[in-house]
Structures are given as C-alpha cells and as structure tokens.
Amino acid sequence: MKSKRTVSFSQKATNVFFHILTSCNLKCRHCYINQEQHGENALPLSTIKTWLAAFVEKNKKANIIFLGGEPTLHPDLSLAVKKAKNLGYSSITIDTNGYLFNDILSKVNPEEVDYFSFSLDGATRKTNDMIRGKGSYDRCIKGIRETISTGYKTSLIYTVTKTNINEISMMIPLLEDLGIDRFFIQVIGIRGKSAKIGQDKLQVSRSEWLSIIPDVAKKAAGLGVTATYPKVFLSPEESFECAGLVAENYFIFPNGRVYKCPLCEDFPLHSMEFRDNRLVNTGRLNENDLFQLNIPEGCVMNKIIQPANLCYKSDGSPEYKIACCMLKEEIQAD
Ligand code: SF4
Ligand code: SF4
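Here the structure is a predicted model, which means the values were calculated and not measured.

(A) Inspection of the overall build of the protein chain at higher detail. Summing up its helical and strand segments, the protein chain has 13 helices and 15 strands in all. Scaling as 2.2 N^0.38, a compact globule of 334 residues should have a C-alpha radius of gyration of about 20 Å, and the protein chain matches this with 19 Å. For the protein chain, the spread of C-alpha atoms along the three principal axes comes to 60 × 50 × 40 Å. Looking at the 334 residues of the protein chain, the share that counts as buried comes to 43%. When contacts within the protein chain are restricted to residue pairs at least 6 apart in sequence, long-range pairs at least 24 apart make up 74% of them.

If you want it as structure tokens, here you go:
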C-alpha cells in the first residue's frame, strides 16, 4: 500500500537553503549557480553562525539545508552543522555531489545530520558523466555507500532534462541496491548555466513528464523509498498558489542576498539581504512585487524565464497552469 499526497506549503515550518559558498569541484553542464550574481566567496564561520541564528529567531521550527557550490569544500561545515544543532534547527541536511571533502562523515554524526543528499543525473556512468563530468558517477556512488555504512540516512536528487529522462526508470534498481531512503525528482530550472544552454534543449514536455515521472515515483515508493516530484503542470480547475506569498522558504547566498523564490536567482530581485549581519528587506522592485501578479498561466517567473513550457488554446487562454516549483507530490510506502 502506498499513500500519495500533495505537499502544500507549510506556514508552520521555515526551510532555509543556505549556500555557504558558491565554488565547486565539478562543472555540471546545467549548474544553477550564477557566480556573476552571487560571487565566488565562502562565508566565514562567524558569519554563518550569525545568519543561522537570524532564521531560527523567525521560526522555532526551521529546517536547514547546507548547499553550495559543494558545501563539503567549506573547511568549517562541520562546525556550522553543530551550531545549527545547538540553535535548535528541527532537521539538518547536507546536499553534496558525493566527493565528501574535508572528512565530513567523521566530523559530524547521524544525531546531528538527518540526511546527506546526493545528486546524480543519470542511472548510467555514461549519461551522468556527460552531464556532471568524468568520474562523478563513480565518486557519487562510492560516497553514498560510505555514508550509509557510517550510519547516515541518504537522499538522492535526480534533475530531469531531455538528456536523462529516458534513464530515470533505471534508477529504481539502483535506489534499491544502494539503500537510499528518499528519492527527489527535480525539474530543471532555467537559471545559471541552463539559461545559456536554453530551455528548448533541456526541459521535457508536459506529456513526457506526465507519462514517465509519476510512475517512476510510484515504483520507488514500492521499494519503501519516499519519492517526491514537483507537480509542474496544473489543470485549469486546480488552484494555484505562489509559495513566495504563503510559505517560509529562504535561499541565502554568500554575498548576503536572500531570495524567497529560486527562479528569481539569476536576477537582483531578492526581497531580503543581510546588511552588517542584519536581515533587512530590500527596496522595490523585488520578487515580492512579482508574487502579487495574478496571471492565468500560474507561476509568473515561469512565464518570464521559461515560457516554452506553456501552451495556449486558439482563444488565447492557457491549456494548463504551471505550478509553483516548490509544490510537490510525495509518495510514501504505508
Ligand atoms: S555539483 Fe552542484 S554546484 Fe557543483 S557544478 Fe554541479 S550543479 Fe553546480
Ligand atoms: S516559482 Fe513561481 S509560484 Fe513559486 S515562488 Fe517563484 S514566482 Fe511564486
């Protein structure tokens, strides 16, 4: 038996996605980091601690996800994790490409880190390494096995593009073989390097998405893995909500910018920023102004930066709406 639910945005929990640096050892083809916008610096530990404290003050039930770039390249990641634990963050996740630098597995423990989340973009070495770079498949698999054998829980993130959608069903035996706890299917966002490649070469169509992704998630859940995928397409009768208006998600960059919407990250549209280590609102125009726009196509940022996944009827009305990129379907084995 499996249960499926739409994970709507929670106003009770805050999710903090903290890019503690932007540098990385890999050069993935579709990397979402835009260094022109977000710089190349790594935050000092003292600043990380101050900024972490600012978000638990906002909400006692806050989840933290450390990411980069590659966050394990930061020599003080383990100390940042311990600070987040002391501050009372409800859950702590480290997103990694699998290289697990600075001996991170031995510097933290499974009581402190709830999940290590690994990115793999192909079920085969050939496809993954074409996207993420030579050697990255083997290193990621090795990192997952080391992490699980040390006693941590793991997630696997698979970002779907035209290049790798044909391999996603092959992930099922791999998830089982590795012993993954959670499987996150992502849709490619057209930002960072993806914006230079172009939407037409990366994003899959509505029919491809709907014919493949929900079924793969169901099969993953059949293994006892919690499987999550973005809803992406809403029929005209389904209601649309913008997480920027109703949820508490924060995407922090080392140059101090704080966004509520990841699709805005290629632009200086952040609604908050750290100034002298104080979190302040930015002036207009910013992402908050865009969130208010009520359009028949649903997500306004989708229409601005990735309009090719919209279709219109002959009367000019959209055939469907695009959901907020943070609206997910979650399937769990009962
Ligand atoms: S591992 Fe992540 S941060 Fe590094 S290049 Fe790939 S997508 Fe970018
Ligand atoms: S992805 Fe779209 S709907 Fe979601 S927060 Fe951004 S603008 Fe709002």
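Let us keep going from here.
(B) Here's a closer look at the nonpolar core. Counting residues in hydrophobic clusters, the biggest one holds 84 residues, and the most contacted among them are Ile20 and Ala217. No other element matches the six residues that helix H10 (residues 206-222) contributes to this core. Apart from the residues within four sequence positions on either side, Ile20 is in contact with Ala42, Leu43, Ile48, Phe66, Gly68, Pro71, His74, Leu77, Ala80 and Pro254.

(C) Up close: the environment of Glu36. As for its position among the elements, Glu36 is in helix H1 (residues 35-38). Sequence spacing of Glu36 and Asp266 is 230 residues, and the spatial spacing of their C-alpha atoms is 8.7 Å.

(D) A look at the site of ligand 2. Taken together, 13 residues lie near ligand 2, and Cys242, Gly244, Cys261, Cys299 and Cys324 sit nearest. Among the secondary structure elements, those contributing two or more residues to the shell around ligand 2 are helix H11 (243-246) and helix H13 (300-305). For the shell around ligand 2, a count of residues per class yields 11 nonpolar, two polar and no charged.

(E) Structural context of the pairing of strand E10 (residues 248-252). Where burial is concerned, most of E10 is hidden: four out of the five residues are buried. Across two bridges, E10 lies against strand E11 (residues 257-259) in antiparallel orientation. Paired with Phe251 across the strands is Tyr259, a residue of E11. With antiparallel pairing between neighbouring strands as the criterion, E10 and E11 make up a hairpin whose turn holds four residues, including Gly256 at a positive phi of roughly 100 degrees.

(F) The packing of helix H2 (residues 45-58) against helix H3 (residues 77-87), seen in detail. It is at 10 Å that the axes of H2 and H3 come closest, and there the two elements cross at 25 degrees. On the basis of their axis angle, the class for H2 and H3 is roughly parallel. By crossing handedness, the relation of H2 to H3 is classed as right-handed. Of H3, the residues touching H2 (which contributes Leu45, Ile48, Lys49, Leu52, Ala53 and Val56) are Leu79, Ala80, Lys83, Ala84 and Leu87. The residue makeup of the contact of H2 with H3, split by class, is nine nonpolar, no polar and two charged.

(G) Geometry of the pairing of strand E6 (residues 153-160). Burial analysis of E6 places six of its eight residues in the buried class, which makes it a mostly covered element. Here five bridges tie strand E5 (residues 115-119) to E6, and the two strands are oriented parallel to one another. Within E6, the residue paired with Phe118 across the bridge is Leu156. Relative to strand E7 (residues 182-187), E6 runs parallel, the two sharing six bridges. Directly across from Thr159, in E7, lies its bridge partner Gln186. Regarding the hand of the β-α-β motif, the stretch spanning E6, helix H7 (residues 171-178) and E7 is right-handed.

(H) Here's a closer look at the packing of helix H5 (residues 125-132) against helix H6 (residues 136-149). Look at H5 against H6: their axes get within 8 Å of each other, and the N-to-C directions meet at 105 degrees. Here H5 lies roughly perpendicular to H6, going by the angle between them. Taken together, the residues of H6 that come into contact with H5 (itself represented by Arg125, Asn128, Asp129 and Arg132) are Ser136, Tyr137 and Asp138. Of the residues belonging to the contact of H5 with H6, the class tally is one nonpolar, two polar and four charged.

(I) Representation of H2 in the model. Taking 1.5 Å per residue, 14 residues should reach 20 Å; H2 reaches 21 Å between its end C-alpha atoms and fits that length. Here H2 has its buried residues at Ile48, Trp51, Leu52 and Phe55. Looking straight down H2, one finds its buried side chains confined to an arc of 105 degrees; they lie on one side. Facing away from the buried side of H2, by more than 90 degrees, are the exposed residues Ser46 and Glu57. Buried-residue contacts for H2 involve strand E2 (14-19), strand E3 (62-67), H3, E10 and strand E12 (272-275).

How each quantity is defined
- Residues numbered from 1 in each chain as written.
- Chains lettered and ligands numbered in written order.
- Predicted model: local features only at pLDDT ≥ 70, side-chain atom pairs only at ≥ 80, totals over all residues.
- Helix = DSSP H or I, 4+ residues; strand = E, 2+ residues; numbered from the N terminus.
- Rg over C-alpha atoms; globule rule 2.2 N^0.38 Å.
- Buried ≥ 20, exposed ≤ 12 C-beta atoms within 10 Å, placed from the backbone.
- Contact = placed C-beta atoms within 7 Å.
- Core = buried A, V, L, I, M, F, W, Y, C linked by C-beta atoms within 7 Å.
- Near = placed C-beta within 6 Å.
- Nonpolar A, V, L, I, M, F, W, Y, C, P; charged D, E, K, R; others polar.
- Pairing = 2+ DSSP bridges.
- Axes fitted to C-alpha atoms, helices over the stretch in contact; angles between N-to-C directions.
- Parallel < 35°, antiparallel > 145°, perpendicular 65-115°, else oblique.
- Left-handed = near helix turned anticlockwise from the far one by under 90°.
- Right-handed = clockwise from strand over helix to strand, strands pointing away.
- Expected span 1.5 Å × (residues − 1).
- Arc of directions from axis to C-beta.

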